[in-house]
Amino acid sequence: MKNFFVVVVSLLMTGCAGQSRLIEGELETVSTENLQYYLYYPQAYEGNADKDFGLLLFLHGGGESGGDLDEIKKSGPPKLLAEGKEFPFLVLAPQNPHQKKWWNVEAITQLLDSVIAENRVDPKRIYLTGLSRGGGAAWNMAVQYPDKWAALVVVCGMAPIPYAHWIDKNMPIWVFHGDEDASISVEESDQMVARLKKMGYDVNYTRYEGVGHNSWTRAYTTDGLYEWIADQKRE
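Residues numbered from 1 in each chain as written. Predicted model: local features only at pLDDT ≥ 70, side-chain atom pairs only at ≥ 80, totals over all residues. Heavy atoms only, no water.

Chemist: How should I be thinking about the environment of glutamate 187 in this particular structure?
Modeler: Residue placement: glutamate 187 occurs in helix 5 (residues 186-198). Classification of glutamate 187 by relative accessible area gives partly exposed; the value is 48%. When the C-alpha atoms of glutamate 187 and proline 94 are compared, they prove to be 28 Å apart, with 93 residues separating the residues in sequence. (Helix = DSSP H or I, 4+ residues; strand = E, 2+ residues; numbered from the N terminus. Buried < 20%, exposed > 50% of the residue type's maximum accessible area, 1.4 Å probe, protein only.)

Structure below.
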């Protein structure tokens, strides 16, 4: 009995000692991001002072991160704009300032909201697209801010499949991926699209045969893509 009493007291003391090392704390943190970006205005913007326009947010891939701002003109809508293409909506193309970090989606959202507030932008026609690392960020933003987007276009991006049901079911989606992508497996898009379609989402899927990671070269020159984007509007 004496030994039993010693063991119980010892266990109680050990428990109390463990609890004494568990303390509560609180710290308010603030993070800042220095974002450079390009902002394109459609030709009709200046001549229609009473008209609101849609806006396409484009997130580039890892290869354009952390360098000169001109780097983002190598692909996607910024490349097309540099070549003279015109769009019927504004295009916001920020640069990820970190070469080896994921996009800071909170900072991008602050930038987007600022641009919307300072320009004639229809909040029901905000479109989101991204490629590679930016494609993964686009999926992420669609999950975290489901009520913001009128349409989503993702090119060869990593997909948060377990969170598919958090995406707005009324938002049209178009996914592109090459089946020989050695950087981000096409299975990422295969599985995400399959999950979304199973849940009744409106998803287009363009799966290129014999195409590697640079599927964005073909995706962003797809006939009818930008007309399809411009036709979308949140109810």
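Chemist: Help me understand the sheet that holds strand 2 (residues 53-59) in this model?
Modeler: Reading across the sheet, the seven strands line up as 1-3-2-4-5-6-7 and stay open at both edges, with mixed pairing between neighbours. Either end of the sheet is taken by a strand with one partner, and the two such strands are strand 1 (37-40) and strand 7 (203-208). The sheet shows a mean angle of 15° between the axes of neighbouring strands, direction not considered. Examined bridge by bridge, strand 5 (residues 151-155) and strand 6 (residues 173-178) share four bridges and lie parallel to one another. Pairing of valine 153 across the sheet is with tryptophan 174, part of strand 6. Helix-sheet contacts for helix 5 involve strand 6 and strand 7, and the interaxial angle to strand 7 is about 155°. (Pairing = 2+ DSSP bridges. Axes fitted to C-alpha atoms, helices over the stretch in contact; angles between N-to-C directions. Contact = heavy atoms within 4.5 Å.)

Chemist: I tried to follow the packing of aromatic side chains on my own but got confused; where do I start?
Modeler: How two aromatic rings sit relative to each other is given by the distance of their centres and the angle of their planes. Across all of its chains, the model carries eleven aromatic pairs by this definition. Centre to centre, the rings of tyrosine 41 and tyrosine 45 are 4.9 Å apart; their planes meet at 55°, and the pair counts as tilted. Judged by its relative accessible area of 35%, tyrosine 41 falls in the partly exposed class. Ring geometry for tryptophan 174 versus phenylalanine 176: centroids 5.2 Å apart, planes at 20°, classification stacked. Looking at lysine 85, its charged tip hangs above the ring of phenylalanine 87, at a distance of 5.5 Å from the centre. (Phe/Tyr/Trp six-rings, centres within 6.5 Å; stacked < 30°, edge-to-face > 60°. Lys NZ or Arg CZ within 6 Å of the ring centre and 35° of its normal.)

Chemist: What should I look at first to understand the pattern of salt bridges in this one?
Modeler: Side chains that differ in sign of charge can pair as their charged atoms come close. In the structure shown here, the tally under the stated rule is eight salt bridges. With its nearest N and O atoms 3.7 Å apart, the salt bridge here joins lysine 73 to aspartate 70. Classification of lysine 73 by relative accessible area gives partly exposed; the value is 34%. A relative accessible area of 48% places aspartate 70 in the partly exposed class. The closest approach of N and O atoms between arginine 207 and aspartate 190, which form a salt bridge, is 2.9 Å. On the criterion of sequence distance, the pair formed by arginine 207 in strand 7 and aspartate 190 in helix 5 is long-range, its members being 17 residues apart. Salt bridges sharing common partners tie together Asp122, Arg125 and Lys233. (Salt bridge = Lys/Arg side-chain N within 4 Å of Asp/Glu carboxyl O.)

These values are about where atoms sit, not about what they do.
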